Amino acid sequence: MEKDAINTTTINPLFQNIFLSTLPGLEDELNQKGFLHIKSLSEIEDKYPLLYQTFANNSTKELVIIPINGINNPIGFIIIGLNNIQLLTDKKIDTILVSEIQQISSLLDYKNIK
């Protein structure tokens, strides 16, 4: 499998079609904290088997899931899969990634801006 500059494996484009409706309970978890940091993929093996299988088959060790919130409701989410365990801390995720992703949400939900 091809690796990029920081030794992470590229994800198959089919994985870009993961919908929250296929992951019951995930949206509530994302709303509670603003992101979900799965420090070990085994944490979600029973709770979210589809998500687990998708990334376990790709040698992913750690996941970060961040919602993209539109004006009126969530419009999607970004999943970052890492092959190196504990590369990101919750503080880095919250202060850097979450805020940056929300800045681009307006562009993605432009039709609802008044």
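You'll find the structure just up there.
Parameters at a glance
Residues numbered from 1 in each chain as written. Predicted model: local features only at pLDDT ≥ 70, side-chain atom pairs only at ≥ 80, totals over all residues. Heavy atoms only, no water. Helix = DSSP H or I, 4+ residues; strand = E, 2+ residues; numbered from the N terminus. Buried < 20%, exposed > 50% of the residue type's maximum accessible area, 1.4 Å probe, protein only. Areas by Shrake-Rupley, 256 points an atom, 1.4 Å probe, with all protein chains shown as cover. Patch = residues over 30% accessible without salt bridge, like charges linked within 9 Å, V, L, I, M, F, W, Y side chains within 5 Å. Salt bridge = Lys/Arg side-chain N within 4 Å of Asp/Glu carboxyl O. Core = buried A, V, L, I, M, F, W, Y, C linked by side-chain atoms within 4.5 Å. Arc of directions from axis to C-beta. Contact = heavy atoms within 4.5 Å. Pairing = 2+ DSSP bridges. Axes fitted to C-alpha atoms, helices over the stretch in contact; angles between N-to-C directions.

1. Points about the overall build of the protein
Here is step 1 of the chain: Of the regular secondary structure elements, the protein holds 3 helices and 3 strands.
Here is step 2 of the chain: When the 114 residues of the protein are sorted by exposure, 31% land in the buried category.
Here is step 3 of the chain: Carbon and sulfur atoms make up 53% of the accessible area of the protein, which totals about 7,300 Å².

2. As for a nonpolar patch on the surface
Here is step 1 of the chain: A cluster of nonpolar side chains, contributed by Ile 75, Ile 104, Leu 107 and Leu 108, occupies part of the molecular surface with about 390 Å² of accessible area.
Here is step 2 of the chain: Looking at the nonpolar patch, the element that brings in the most residues is helix 3 (residues 90–108), giving 3 residues.
Here is step 3 of the chain: Assignment of secondary structure puts Leu 107 in helix 3.

3. Here we look at the nonpolar core
Here is step 1 of the chain: The biggest cluster of nonpolar side chains holds 13 residues, and the ones touching the most others in it are Leu 26, Ile 44, Leu 51, Leu 63 and Ile 65.
Here is step 2 of the chain: Of all the secondary-structure elements, those providing two or more residues to this core are helix 1 (26–33), strand 1 (36–38), helix 2 (49–56) and strand 2 (62–69).

4. With respect to the environment of Phe 55
Here is step 1 of the chain: Summarising the element assignment, Phe 55 is placed in helix 2.
Here is step 2 of the chain: Sequence separation between Phe 55 and Leu 82 is 27 residues, and the spatial gap between their C-alpha atoms is 9.6 Å.

5. Comments concerning helix 2
Helical geometry: 3.6 residues make up each α-helical turn, so side chains three or four residues apart lie on a common side.
Here is step 1 of the chain: Residues of helix 2 that are buried: Leu 51, Thr 54 and Phe 55. Along the long axis of helix 2, the arc covered by the buried residues comes to 85 degrees, so they all point the same way.
Here is step 2 of the chain: Packing partners of the buried residues in helix 2 comprise strand 2 and strand 3 (74–82).

6. What to know about the pattern of salt bridges
Here is step 1 of the chain: Counted according to the given criterion, the structure contains 3 salt bridges.
Here is step 2 of the chain: Note that Asp 90 and Lys 33 form a salt bridge whose closest N and O atoms lie 3.0 Å from each other. Placement of the pair is Asp 90 in helix 3 and Lys 33 in helix 1, with a sequence separation of 57 residues.
Here is step 3 of the chain: Taking relative accessible area as the criterion, Lys 33 reaches 46% and is therefore assigned partly exposed.
Here is step 4 of the chain: A salt bridge links Asp 90 to Lys 39; its shortest N-O distance comes to 3.9 Å. Highlighted residues: Asp 90 in helix 3 and Lys 39 in the loop between strand 1 and helix 2, separated in sequence by 51 residues.

7. Quick word on the sheet that holds strand 3
Here is step 1 of the chain: Taken together, 3 strands build an open sheet; the order of strands is 1-2-3 and the sheet is antiparallel. Edge strands, defined here as strands with exactly one partner in the open sheet, are strand 1 and strand 3. Taking each pair of neighbouring strands and ignoring which way they run, the sheet shows an average axis angle of 15 degrees.
Here is step 2 of the chain: Here strand 1 runs beside strand 2; their pairing, made up of 3 bridges, is antiparallel. When the sheet's bridge partners are listed, His 37 is paired in strand 2 with Val 64.
Here is step 3 of the chain: Contacts between helix 3 and the sheet are confined to strand 1, strand 2 and strand 3, with strand 2 contributing the most and set at about 35 degrees to the helix.

By themselves these figures say nothing about function.
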